[in-house]
Amino acid sequence: MTFNHISTEEKQRALSELRSAKELFASRGWFPGTSGNLSVRVGDFDANDFHFAITASGKDKTVHTPEDYLFVDREGKPSEPTKLKPSAETLIHCEIYRLTGAGAIFHVHTVFNNVISEHFWNRGSVPVDGVELIKGLGNWEEEAQIEIPIVPNYADIPRIVPEVTAKLQAGIPGIILRKHGIYAWGANAFEAKRHLEAFEFIFEYVYRLELLKQGR
Ligand SMILES: CSC[C@@H](O)[C@@H](O)C(=O)COP(=O)(O)O
Ligand SMILES: [Zn+2]
């Protein structure tokens, strides 16, 4: 698939958005132990002619280097020759782009998203009941109740892809991997960031409320 017709400005915009998001999330401690990966799409989703810039695998995401990102096509293959390796979880990004047409996808590991995924694993989703920040996910319904889907985590990433396909829900811009982390997305980097922040607030809220309910 061709890549050169996508303008330099659009590619630079994607890289600059990734850099800003990475710096901010790093300042919050959201990339422990080199975990996490971020991507921003370039090109036309409707014409099935898109690529995305994604973090290179295994990098320390708390620092900036000239080798932090590369572009891949919608199948996750590098768009141009490079010695960099795309994120080990690139295929999950590919599937989320395919299913949602998102413009950006952000993945982080936090203690709250890990604990909550294990706590609600048997239910298959995290229930959220009327929390104001559901509006941050784009749901403006009064006292909305939502379920944030949880999928199993496997070391073999291609095995996770069909689980994402099966459980991703329209209207919920995120999915949790059990004892692993959250993927949040949006039409662009601004929206993906808002969604990720709303999810993380909600996870901490649900976690603390569960403890209170249990009198601990
Ligand atoms: C180093 S632990 C985290 C990884 O196993 C993985 O889940 C992750 O989020 C980062 O992988 P990466 O290949 O750097 O994108
Ligand atoms: Zn991960």
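The chain has the name Methylthioribulose-1-phosphate dehydratase in an unreviewed UniProt entry, where Paenibacillus curdlanolyticus YK9 is given as its organism. Heading Function (unreviewed entry) of the UniProt record for the chain holds this comment: "Catalyzes the dehydration of methylthioribulose-1-phosphate (MTRu-1-P) into 2,3-diketo-5-methylthiopentyl-1-phosphate (DK-MTP-1-P)." Entered under Sequence similarities (unreviewed entry) in the UniProt record, the comment concerning the chain runs "Belongs to the aldolase class II family. MtnB subfamily."

The next thing to look at is helix α5 (residues 189-213). Look at α5: 36 Å from first C-alpha to last across 25 residues, which is about the 36 Å you get at 1.5 Å a residue. Considered for burial, the residues of α5 that qualify are A189, A192, H195, L196, A198, F199, E200, I202, F203, V206 and E210.

With that settled, consider the packing of aromatic side chains. Under the counting rule described, the total for this entry stands at nine aromatic pairs. Each ring, one from F25 and one from W30, has its centre 5.5 Å from the other, and the planes form 35°; the classification is tilted. With relative accessibility at 12%, the residue W30 sits in the buried group. Centroid distance F52 to Y97: 4.7 Å. Interplanar angle 40°. Geometry classified as tilted. Note that F52 is positioned in strand β2 (residues 49-55) and Y97 in helix α2 (residues 90-100), a separation of 45 residues in sequence.

Before going further, it helps to examine the coordination of the zinc ion (ligand 2). Those donors, E89 (OE), H107 (NE2), H109 (NE2) and H180 (NE2), are the protein atoms that reach the zinc ion (ligand 2), and they lie 2.1 to 2.8 Å from it. Residue H107 is classed as buried on the basis of its relative accessible area, which comes to 0%.

Take the side chain of D49 next. Tracing the chain through its elements places D49 in strand β2. Within the buried set, D49 has no salt-bridge partner at all; the shortest N-O distance to an opposite charge, 5.9 Å, is to R74. At 2.7 Å, the side chain of D49 forms a polar contact with the side chain of H5.

Before going further, it helps to examine the packing of α2 against helix α4 (residues 157-167). Interhelical geometry of α2 versus α4 gives an angle of 20° and a closest axis separation of 9 Å. Relative to α4, the element α2 lies roughly parallel. Relative to α4, the crossing made by α2 is right-handed. Mapping the contact onto sequence places L91, I92, E95, I96, R98 and L99 in α2 and I157, P158, I160, V161, V164 and T165 in α4. Residues belonging to the contact of α2 with α4 are distributed by class as follows: nine nonpolar, one polar and two charged.

Conventions used here
- Residues numbered from 1 in each chain as written.
- Chains lettered and ligands numbered in written order.
- Predicted model: local features only at pLDDT ≥ 70, side-chain atom pairs only at ≥ 80, totals over all residues.
- Heavy atoms only, no water.
- UniProt positions renumbered as here; feature names shortened; annotations may be inferred.
- Helix = DSSP H or I, 4+ residues; strand = E, 2+ residues; numbered from the N terminus.
- Expected span 1.5 Å × (residues − 1).
- Buried < 20%, exposed > 50% of the residue type's maximum accessible area, 1.4 Å probe, protein only.
- Phe/Tyr/Trp six-rings, centres within 6.5 Å; stacked < 30°, edge-to-face > 60°.
- Donors = N, O, S within 2.8 Å, 3.2 Å for Na, K, Ca; no water.
- Lys, Arg positive; Asp, Glu negative; His and termini not counted.
- Salt bridge = Lys/Arg side-chain N within 4 Å of Asp/Glu carboxyl O.
- Polar contact = N/O pair within 3.5 Å; in protein donor to acceptor, adjacent residues only side chain to side chain.
- Axes fitted to C-alpha atoms, helices over the stretch in contact; angles between N-to-C directions.
- Parallel < 35°, antiparallel > 145°, perpendicular 65-115°, else oblique.
- Left-handed = near helix turned anticlockwise from the far one by under 90°.
- Contact = heavy atoms within 4.5 Å.
- Nonpolar A, V, L, I, M, F, W, Y, C, P; charged D, E, K, R; others polar.

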